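# Summary of structural features
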Amino acid sequence: MSYKLDGAKFATIEELIEALYPLYADKMSKEEFVKYVKENAVQG
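The paragraphs below set out a description of the structure included in this document. (Residues numbered from 1 in each chain as written. Predicted model: local features only at pLDDT ≥ 70, side-chain atom pairs only at ≥ 80, totals over all residues. Heavy atoms only, no water.)

As a further point, take the sheet that holds strand β1 (residues 3–5). One open sheet holds the three strands; their spatial order is β2-β1-β3, and the pairing between them is antiparallel. Every interior strand has two partners, whereas the edge strands, β2 (8–10) and β3 (42–43), have only one. Of the strand pairs in this sheet, β1 and β2 are connected by three bridges, and their pairing is antiparallel. Each residue of the ladder has a partner; that of K4, found in β2, is K9. Contacts between helix α1 (residues 13–24) and the sheet are confined to β1 and β2, with β1 contributing the most and set at about 30 degrees to the helix. In the packing of helix α2 (residues 30–40) onto the sheet, contacts are made with β1 and β3, and the angle to β1 comes to roughly 110 degrees. (Pairing = 2+ DSSP bridges. Helix = DSSP H or I, 4+ residues; strand = E, 2+ residues; numbered from the N terminus. Contact = heavy atoms within 4.5 Å. Axes fitted to C-alpha atoms, helices over the stretch in contact; angles between N-to-C directions.)

So this is what it looks like as C-alpha cells:
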C-alpha cells in the first residue's frame, strides 16, 4: 500500500514522514507533523 500527501507518493508512511518533514519543520514539530500525516495522508 502507498501513501500520498501534497501530491507526493511514498511506499510507506515512514518514508513520507522522513521525506516531507523538512518542508514542514519550520511550521510544526515532528510529533505534530506525524499527527498531520496520519490525519491527511491518502492511502492508495
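Next, the rest of the story.
Further remarks concern the pattern of salt bridges. Evaluated as defined, the whole model comprises one salt bridge. A salt bridge links K30 to E18; the shortest N-O distance between them is 3.0 Å. Remark: E18 occurs in helix α1 and K30 occurs in helix α2; sequence separation between them is twelve residues. Note on E18: relative accessible area 53%, which makes it exposed. (Salt bridge = Lys/Arg side-chain N within 4 Å of Asp/Glu carboxyl O. Buried < 20%, exposed > 50% of the residue type's maximum accessible area, 1.4 Å probe, protein only.)

Before going further, it helps to spend a moment on α1. End to end, α1 covers 16 Å across twelve residues, agreeing with the expected 16 Å (1.5 Å per residue, within 8%). When we look at burial in α1, the residues that qualify are I13, L16, I17, L20, Y21 and Y24. In a view along the axis of α1, the buried residues occupy a sector of 130 degrees, so they form one face of it. α1 presents E18 and P22 as exposed residues on the side facing more than 90 degrees away from its buried surface. On the buried face of α1, the contacting elements are β1, β2 and α2. (Expected span 1.5 Å × (residues − 1). Arc of directions from axis to C-beta.)

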